[in-house]
Structures are given as structure tokens and as C-alpha cells.
Amino acid sequence: MTTLSSGFARARRWLRNHPLAFDATLAFCTLVAMICSSFTDPGDGHGPPAFGARTPELFSVLLMTLTAAALVLRRRRPMQVLAVTAALAAVEYVLMDPPAPVVMSTVIALYTVASRTDRPTTWRVGLLTMGGLTAAAMVFGSTPWYSQENFGVFAWTGLASAAGDAVRSRRAFVDAIRERAERAERTREEEARRRVAEERLRIARDLHDVVAHHIALVNVQAGVAAHVMDKRPDQAKEALAHVRDASRSALNELRVTVGLLRQQGDPEAPTEPAPGLAVLGELVTTFRNAGLPVEVACADRDRLPAAVDLAAYRVIQEALTNVRKHAGAGARAEVSVVRVGATAEVTVLDNGRGSAGRRPGTGPAGGTGPDGGGPGDGDESAGGGHGLVGMRERVTALGGALTAGPRYGGGFRVHAILPVEARTGEPDRPGTAGGTGLRR
């Protein structure tokens, strides 16, 4: 049984891949069926049909052969094949009595037309074929017009039209389902690519924040150690210890961030939680050790959602890094995190004036820095800072707003409003970042 079913499956696949061969086979089988039927006398309806009771005329055999041969081209020229088979069937009804079953080819041709055209065309062509052949059978046949043979022509042609239309509808339905599935697959792939791009952008922001903050501190402490190495070795050792702590912290954060990029099967990445306001004290201590006095006022730091908590921490980290780099000697900073209704407000203020000779309002690379001249980034001195841009993107990605600009009387102010219910993944909306007093 398995061998027989596999053989049928192979034959079906071969015929599907060779439609002309299939149509030729169908035409031959139709010719055999018509010839066999032409030897059968249906009788008067009171007894079974008698095979061999009559013999078809040579002209009828010729018509049956021509109509069967026309079926070979039924896929390429469906309307033309239908016209030829219907015309030859009508000729058979007009000239021959009793007629041979030439109409069998017309039934197959009508099915082909109905399965390959639209429904209005099927209705028009089907009704014309059904009416024409039935009228020819009723008018020119020797049997009464109400005989079952005449109504059989109407029934078989109508059945062919209905079956062809049903097959066409099913094919259209299957094609629509397949198209929707393919479109859904493409949509899933596009969504996956979009999520990958967003994740890469988030990781890039984290890497920028980590590198900008810790490398700036290492640079400052290393400069202090080099300056006091000869005269005050104890202070130089303390500065080097801070360098060691800052570099270790940078390595740990980089390891956590880069660990997100590991593939399945790679060594397990560290599972330390992302930094947040819970470790704000440690962050502030690193800046104090670098010589920047920082005052902190923070409430409800443990009640914020994880995404908001991380964003608030990164905003404070980047803002204090900018103060340390660009506010100048003697600058002080103030950090506050307060809960106001359904939002959390993060504010970083400084009283810096900038380095000597710097024109207020300009940063080190044509940008604006936090020293009365706007927010320099952790890498802004290299000529293309992204710190403020990264802060703004973090905040707006959560549906919040960020403003940054010089303070009246000197210094700089960074103010972020974060919704407690983070809306990550929303598209940026115009105006969500607020005014900055500058363009980055």
C-alpha cells in the first residue's frame, strides 16, 4: 500500500510539473469515454442502458477526435477551446441523430474557463454555453424537448461552471492566505531587525556613558598623581588608588554591557544588575575623589521602574562628567531626584565658569559646554560629542523631556522629566526633548 501511494504521489508531481502532458492524457481519456458512450443506447428509460446497441457514425468520431484534440490547449487558450468544442457539439446535435456525446469535451472546456477567469465572465460564458447547447438539443433532437437527455446537457454544463468557479475561489483563498503568511513573516523579520537596531543603539549609549565617565576620571586622577608624585607621594598613591578603582569599575560595567552581545553557547555573561539610583552614592564618591564637590538630594530612589532608574542614573553620570571636564576649577555641582506626581524629575546644576579664555556659550569643539557654555560630552574634546544627544534620546525614548542650557548668573543646568510608567520603544514625538538652549 505504501509503495502504491508513493507511486501515485510521484506520478502526480510529474503531471503537475508537465501540464501539457497532463492535458494530453486528459484529452485521450475523454476521447475514450466519448467513444465508449457513443456505443451505448440509453433505452426508453424502463430498462438499463444497452452497450453495443448502436454504432457511432464516422462523422461523429471525427467530431469527438477534434474536440478531444482541442482540450490539449485548454490551459493556453481556454476561451478559444471552449468556442471550438461548443461549436462542434452544436454541429453534432444539428446533424446527427442520435447525437454522440461530443458535449463531454465542452463540459471540460467550460470548467477550465470558469476556473481561470473571474465570476462575471463565468456567468456570461456559462449561461451562453448552457442555453445554446440545451436549445440545440431540444430543437434538433429526435426526442421530446423535455427528455432527460436534453436536461442532462443543461445540468452538466451548469455543474462544470459551478465547479470551475468553486475551484477558482479556493485557489484565490489559498493564495491570499499564503500572501498574508509571507507578509507576516516579512513583518516579523523587519520587527526583529528593528529590535536588534534599537538594542545596538542602547548598548552603544551605555558604552559611551561608561567610557566617557570613567576615562575622564582616570585622566584627572592620573594628572593629579603625576603632578604631586615628587612632593606629596601619599596623595599620589591615593590618586592612583582612585585610578585603579575607576578602571576596575569601568571594566566591570563594560563586561556587563558587552555580555549582552554574547551568542548562545558562549561563556555565561555576568548577571550583575544594571546601575541605578541605588548606587548613586558610589557614583558621586568617584567625582568627589576627583575633586568635584557634589551635593545630593534624592528621594524615592528605590521606587522607580528599572528603565527610568537606569535613565536617571545615566543622565546624572553624563551631566557630572561634563561638569568635571568643562566647568573649570572651583566648580560645585548639585544633584536632585524628586518624585512629582506621575513623573520623576532629575536636575543637575553647577556654578562653573569654564576654563580661562573660553568664551561663554561655546564648548570645546564648537559645541556648548556646562561651563556657561553648555554641555560638553565625555568625548566632546575630540570634536564630536554625543553626551547630550544620548541623554536626550534616553529620556525621549521613555516619553519624557530633557532641557539643558546655561543658568542665569553662570553655570549650567540639566533637567530631565521621566514618566514613572516607562513607554519604551515609542517613536520620538516633536517637542518631547524640550528646549535646550543649544543644538547638538
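Analysis parameters
- Residues numbered from 1 in each chain as written.
- Predicted model: local features only at pLDDT ≥ 70, side-chain atom pairs only at ≥ 80, totals over all residues.
- Heavy atoms only, no water.
- Patch = residues over 30% accessible without salt bridge, like charges linked within 9 Å, V, L, I, M, F, W, Y side chains within 5 Å.
- Areas by Shrake-Rupley, 256 points an atom, 1.4 Å probe, with all protein chains shown as cover.
- Salt bridge = Lys/Arg side-chain N within 4 Å of Asp/Glu carboxyl O.
- Helix = DSSP H or I, 4+ residues; strand = E, 2+ residues; numbered from the N terminus.
- Buried < 20%, exposed > 50% of the residue type's maximum accessible area, 1.4 Å probe, protein only.
- Axes fitted to C-alpha atoms, helices over the stretch in contact; angles between N-to-C directions.
- Parallel < 35°, antiparallel > 145°, perpendicular 65-115°, else oblique.
- Contact = heavy atoms within 4.5 Å.
- Core = buried A, V, L, I, M, F, W, Y, C linked by side-chain atoms within 4.5 Å.
- Pairing = 2+ DSSP bridges.
- Lys, Arg positive; Asp, Glu negative; His and termini not counted.
- Charge placed at Lys NZ, Arg CZ, Asp CG, Glu CD.
- pLDDT = per-residue confidence, 0-100.
- Expected span 1.5 Å × (residues − 1).
- Arc of directions from axis to C-beta.
- Left-handed = near helix turned anticlockwise from the far one by under 90°.

Chemist: Tell me about a nonpolar patch on the surface, and please be specific about residues and values.
Modeler: A cluster of nonpolar residues, Phe59, Leu62, Leu66, Val91, Val94, Leu95, Val139 and Phe140, forms a patch on the protein surface that exposes about 700 Å² of accessible area. Contributions of two or more residues to the nonpolar patch are made by α3 (58-70), α4 (78-95) and α6 (119-140). Relative to the helices and strands, Val94 resides in helix α4. Using a relative accessible area of 40% as the deciding quantity, one classes Val94 as partly exposed.

Chemist: Explain the packing of helix α9 (residues 280-289) against helix α10 (residues 306-326) residue by residue, including any values.
Modeler: The N-to-C vectors of α9 and α10 enclose an angle of 5 degrees; their axes lie 11 Å apart at closest approach. When the interaxial angle is binned, α9 and α10 end up roughly parallel. Only Tyr313, Ile316, Gln317, Leu320, Thr321 and Arg324 of α10 make contact with α9, whose side of the interface consists of Leu280, Leu283 and Phe287.

Chemist: Describe the side chain of Thr129, with residues and values.
Modeler: Structurally, Thr129 can be placed in helix α6. With near-sequence residues (within four places) excluded, Thr129 lies in contact with Leu82, Thr106 and Leu110.

Chemist: Requested: an account of the nonpolar core, with residues and values cited.
Modeler: One finds Val294, Ile316, Leu320, Val346, Leu402, Val414 and Leu418 to be the most contacted residues of the largest nonpolar core, which totals 39 residues. Of all elements in the fold, only α7 (148-228), α9, α10, β4 (333-340), β5 (343-350), α11 (387-397), β6 (401-406) and β7 (412-419) reach the threshold of two or more residues within this core. Considering each element in turn, this core owes the most residues, 9 residues, to α10. Setting aside residues no more than four positions away along its own chain, Ile316 makes contact with Leu277, Leu280, Leu283, Val335, Val337, Val346 and Val348.

Chemist: Report on the sheet that holds strand β3 (residues 294-298), specifying residues and quantitative values.
Modeler: Taken in spatial order, the 5 strands make up an open sheet running β3-β4-β5-β7-β6, and their pairing is mixed. Sheet topology places β3 and β6 at the edges, where each strand pairs with a single neighbour. Ignoring which end each strand starts from, the neighbouring axes of this sheet average 10 degrees apart. Relative to β7, β5 is paired through 8 bridges, and the arrangement is antiparallel. Bridged to Val348 within β7 is Val414. Across the face of the sheet, α11 comes into contact with β6 and β7 while running at roughly 150 degrees to β6.

Chemist: Quick one: what's the story with a positive patch on the surface, residue by residue and with numbers?
Modeler: Judged by side-chain charge, Arg10, Arg12, Arg13 and Arg16 come together as a positively charged surface patch. Among the secondary structure elements, Arg13 is positioned in helix α1 (residues 2-17).

Chemist: Run through the pattern of salt bridges, naming residues and quoting values.
Modeler: Where charged atoms from two side chains of opposite charge approach closely, those side chains can pair. Here the structure, examined in full by the defined rule, presents 10 salt bridges. Of the charged contacts, one joins Arg183 and Glu179 as a salt bridge, the two residues approaching to 3.6 Å between their closest N and O atoms. Taken together, the residues Arg183 and Glu179, both in helix α7 and 4 residues apart, mark about one turn of the helix. The class of Arg183 is partly exposed, set by a relative accessible area of 38%. Note that Arg188 is salt-bridged to Glu185, the shortest N-O span being 2.4 Å.

Chemist: Talk me through the confidence of the model for the protein chain; I want residue IDs and the actual numbers.
Modeler: Averaged over every residue, the pLDDT of the protein chain is 76; residues scoring 70 or more account for 76%. Averaged over each element, pLDDT in the protein chain is lowest for strand β2 (residues 50-51) (60) and highest for β7 (92). In the predicted structure, residues 355-385 sits below a pLDDT of 50 and forms 85 contacts with residues beyond four places in sequence or in another chain. In the predicted structure, residues 424-440 sits below a pLDDT of 50 and forms 42 contacts with residues beyond four places in sequence or in another chain.

Chemist: So what's going on with the pairing of β4? Residues and values would help.
Modeler: In regular strands, side chains alternate between the two faces of the sheet. Across 5 bridges, the pairing between β3 and β4 is parallel. When the bridges of β4 are listed, Glu295 appears paired with Glu334. Of the pairings in the sheet, the one linking β4 to β5 comprises 8 bridges and is antiparallel in character. Note on β5: the bridge partner recorded for Ala333 is Asp350. Turn length for the β4-β5 hairpin, with the two strands adjacent in sequence and antiparallel, is 2 residues, and the turn residue Gly341 shows positive phi of about 65 degrees.

Chemist: Could you give me a rundown of the environment of Val294, with the residues and numbers involved?
Modeler: With respect to the helices, strands and loops of the structure, Val294 is situated in strand β3. The class of Val294 is buried, set by a relative accessible area of 5%. With sequence-adjacent residues up to four places away left out, Val294 is seen in contact with Val284, Phe287, Arg288, Leu320, Ala333 and Val335.

Chemist: Can you lay out α4 for me, pointing to particular residues and giving the numbers?
Modeler: Given a rise of 1.5 Å per residue, 18 residues ought to cover 26 Å, and the 26 Å separating the end C-alpha atoms of α4 matches this to within 8%. Turning to α4, its buried residues number three or more, namely Pro78, Val81, Leu82, Thr85, Ala86, Leu88, Ala89, Glu92 and Tyr93. Buried residues of α4, viewed axially, fall in a sector of 165 degrees; they line one side.

Chemist: Quick rundown of the pairing of β6? Include the residues and the values.
Modeler: The sheet contact formed by β6 and β7 spans 6 bridges and is antiparallel. In the sheet register, Ala401 faces β7, and the bridge partner there is Ile417. In sequence, β6 turns back onto β7 through a hairpin of 5 residues, with Gly409 there showing a positive phi of about 95 degrees.

Chemist: So what's going on with the packing of α4 against helix α5 (residues 103-116)? Residues and values would help.
Modeler: At a minimum axis distance of 8 Å, the contact between α4 and α5 shows a crossing angle of 155 degrees. Looking at the two axes, α4 sits roughly antiparallel to α5. Between α4 and α5 lies a crossing of left-handed hand. The residues of α5 that touch α4, namely those facing Pro78, Met79, Val81, Leu82, Thr85, Ala86, Ala89 and Tyr93, are Val103, Ser105, Thr106, Ala109, Leu110, Thr112 and Val113.

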